[in-house]
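# Architecture and fold: a report
Residues per chain are reported as follows:
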Amino acid sequence: MTDLSREVSVARRAVFAAGRACAAVQKQIAPETLEKKDKSPVTIADYAAQAIVCRALKEAFPDDPVIAEEDAADLRSGEKQEFLDRAVAAAGMSADDLLDAIDHGGASEYSDRFWTLDPIDGTKGFLRRGQYAVSLALVVEGQVVLGAVGCPNLATADGGTGSVFVGATGHEVSVYGAEDGEAVPIAVTTTADPAAARFCESVESGHSDHDASATIAADLGITAEPVRMDSQAKYCALARGDADIYLRLPTRPGYVERIWDHAGGAFLVEQAGGKVTDVDGKPLDFSCGAGLENNRGVVATNGLLHDRVLAAVAAAGV
């Protein structure tokens, strides 16, 4: 087994740094930004976070491709100088370094070892000053072997906010409240009775079929209202035992999930003792490049409830 200690350290520090940059941009969001449906803050934070993480990966592992969400073409065009200037300020690096780092995340094809990054998962949550995540994963020979997910607004056990969840093959899955803080081991719940389960889903109905979720909850005997939050914070909540079930149900035929939306978080759940498949019970397939081409939707549970939840999903006709 390959020792991933260096990868874990680099990923954790990079995600913490990106989270700090995103949090600084988020604090500047004014009410009129939402009223105008202005997505410029999230765009700036996206660019800054991707640059920070990709530069760290390029310096530490120069031969590793990175499949990330953004590219620097618009910023290089000269038409968005204000965006470039603000992203440079948020990332704390020169314009040339920022552009080169963003473009280091431009891979799109599968390779035997690559990283995948979502610099801000949960755009609307970010704009609402709600939940969002910086999600990074390392995929080797088609299998995720490391996940690092930063949730700057997720409440911590001691009443604070902001954590980075990290797990890797051969390493205990843990949550960190500070970059050099103590690693606190986490685990999924031991809930075995479906009626006692808590489940979470996306805030946005465009991301998951809420009506089908309600039908599934009724089948399972769940009466509690679902916890709705944006981003891969849902995976982190499940991994540390805040919830028992996470459903991301297809909203339209043919939709293909992107790997950066799931790789890091799904891996953390499994490392914490849970189980993650698609709605048909198949493992998530990260060997197809940027998309989960061979999967439909996602079902994540504490493991004990998984077969029962899949049966309810099938009964709902998903």
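Let me sum up the structure you'll find in this document. (Residues numbered from 1 in each chain as written. Predicted model: local features only at pLDDT ≥ 70, side-chain atom pairs only at ≥ 80, totals over all residues. Heavy atoms only, no water.)

What follows covers the overall build of the chain. Helices and strands together make up the secondary structure of the chain, namely eleven helices and twelve strands. The C-alpha radius of gyration of the chain comes to 19 Å, within 12% of the 20 Å expected for a compact globule of 318 residues. Its C-alpha atoms give the chain principal-axis dimensions of roughly 55 × 50 × 40 Å. Per-residue burial for the chain yields a buried fraction of 54% across its 318 residues. Partitioning the intrachain contacts of the chain with sequence separation of at least 6 by distance along the chain shows that 69% fall at a separation of at least 24. Approximately 13300 Å² of the chain is accessible, and the part contributed by carbon and sulfur atoms is 47%. Charged side chains of the chain number 28 positive and 48 negative; the gap between the two group centres comes to 4 Å. (Helix = DSSP H or I, 4+ residues; strand = E, 2+ residues; numbered from the N terminus. Rg over C-alpha atoms; globule rule 2.2 N^0.38 Å. Buried < 20%, exposed > 50% of the residue type's maximum accessible area, 1.4 Å probe, protein only. Contact = heavy atoms within 4.5 Å. Areas by Shrake-Rupley, 256 points an atom, 1.4 Å probe, with all protein chains shown as cover. Lys, Arg positive; Asp, Glu negative; His and termini not counted. Charge placed at Lys NZ, Arg CZ, Asp CG, Glu CD.)

A few words on the state of the cysteines. One pass over the full model with this rule turns up zero disulfides. Its sulfur unpaired, Cys200 is 10 Å from the next cysteine sulfur, which belongs to Cys236. (Disulfide = S-S within 2.5 Å.)

This part covers empty space enclosed by the protein. Evaluation of the coordinates by the stated rule reveals one cavity of 30 Å³ or more. Estimated volume of the largest cavity: approximately 30 Å³. Lining the largest cavity we find Phe199, Ser213, Ile216, Ala217, Leu220, Ile222, Ile245 and Leu247. The leading source of residues in the lining of the largest cavity is helix α8 (residues 210-220), at four residues. Its residues assigned to classes, the lining of the largest cavity shows seven nonpolar, one polar and no charged. (1 Å grid on protein atoms, 1.4 Å probe; cavity = no way out; pocket = protein on both sides within 12 Å on 5 of 7 lines; lining within 4 Å. Points joined across faces, edges and corners; volume = space filled by probe spheres on them. Nonpolar A, V, L, I, M, F, W, Y, C, P; charged D, E, K, R; others polar.)

So, about the sheet that holds strand β3 (residues 133-140). Pairing in this open sheet of seven strands is mixed, and the strands run β1-β2-β3-β4-β5-β6-β7 from one edge to the other. The open sheet has two free edges, formed respectively by β1 (66-68) and β7 (183-185), since each of these has just one partner strand. The average undirected angle you get between the axes of adjacent strands in this sheet is 20°. The sheet contact formed by strand β5 (residues 161-168) and strand β6 (residues 171-176) spans four bridges and is antiparallel. Note that in β6 the partner of Phe165 across the bridge is Val175. Contacts from helix α1 (residues 5-27) reach β2 (113-121), β3, β4 (143-155), β5 and β6, with the element oriented near 30° to β4. Seen against the sheet, helix α10 (residues 263-271) touches β2, β3, β4, β5 and β6 and runs at an angle of roughly 100° to β4. (Pairing = 2+ DSSP bridges. Axes fitted to C-alpha atoms, helices over the stretch in contact; angles between N-to-C directions.)

What follows is about the packing of aromatic side chains. This structure, assessed with the given rule, holds four aromatic pairs. Note on Phe126 and Tyr132: the rings are 4.9 Å apart at their centroids and 85° apart in plane angle, and the pair reads as edge-to-face. According to the relative accessible area criterion, Phe126 is buried, its value standing at 0%. Its end group placed over the ring of Phe83, Lys80 keeps NZ or CZ at 5.6 Å from the ring centre. Lying across the ring of Phe61, Arg113 places its NZ or CZ 5.4 Å from the centre. (Phe/Tyr/Trp six-rings, centres within 6.5 Å; stacked < 30°, edge-to-face > 60°. Lys NZ or Arg CZ within 6 Å of the ring centre and 35° of its normal.)

The next thing to look at is the sheet that holds strand β9 (residues 227-228). One open sheet accounts for five strands, arranged β9-β8-β10-β12-β11; its pairing is mixed. Since the sheet does not close on itself, it has two edges, and those belong to β9 and β11 (275-277), each with one partner. Where β11 lies against strand β12 (residues 298-301), three bridges are found, and the strand directions are antiparallel. Its bridge partner being in β12, Thr277 is matched across the sheet by Val299. Along the sheet, α8 contacts β8 (199-201), β9 and β10 (245-248); its crossing angle with β8, the most-contacted strand, is approximately 175°. The strands that helix α11 (residues 306-315) touches are β10, β11 and β12; relative to β12, the one it contacts most, it runs at about 150°.

This next bit is on helix α5 (residues 81-91). All of the buried residues along α5 are Leu84, Ala87, Val88 and Ala91. For α5, the buried positions fall inside an angular range of 105° around the axis, keeping them on one side. For α5, exposure combined with an orientation more than 90 degrees from the buried face picks out Glu82 and Ala89. Lining the buried residues of α5 we find α3 (40-60), α4 (73-76) and α6 (95-103). Positive phi shows up at Gly92, right after α5, with a value of about 70°. (Arc of directions from axis to C-beta.)

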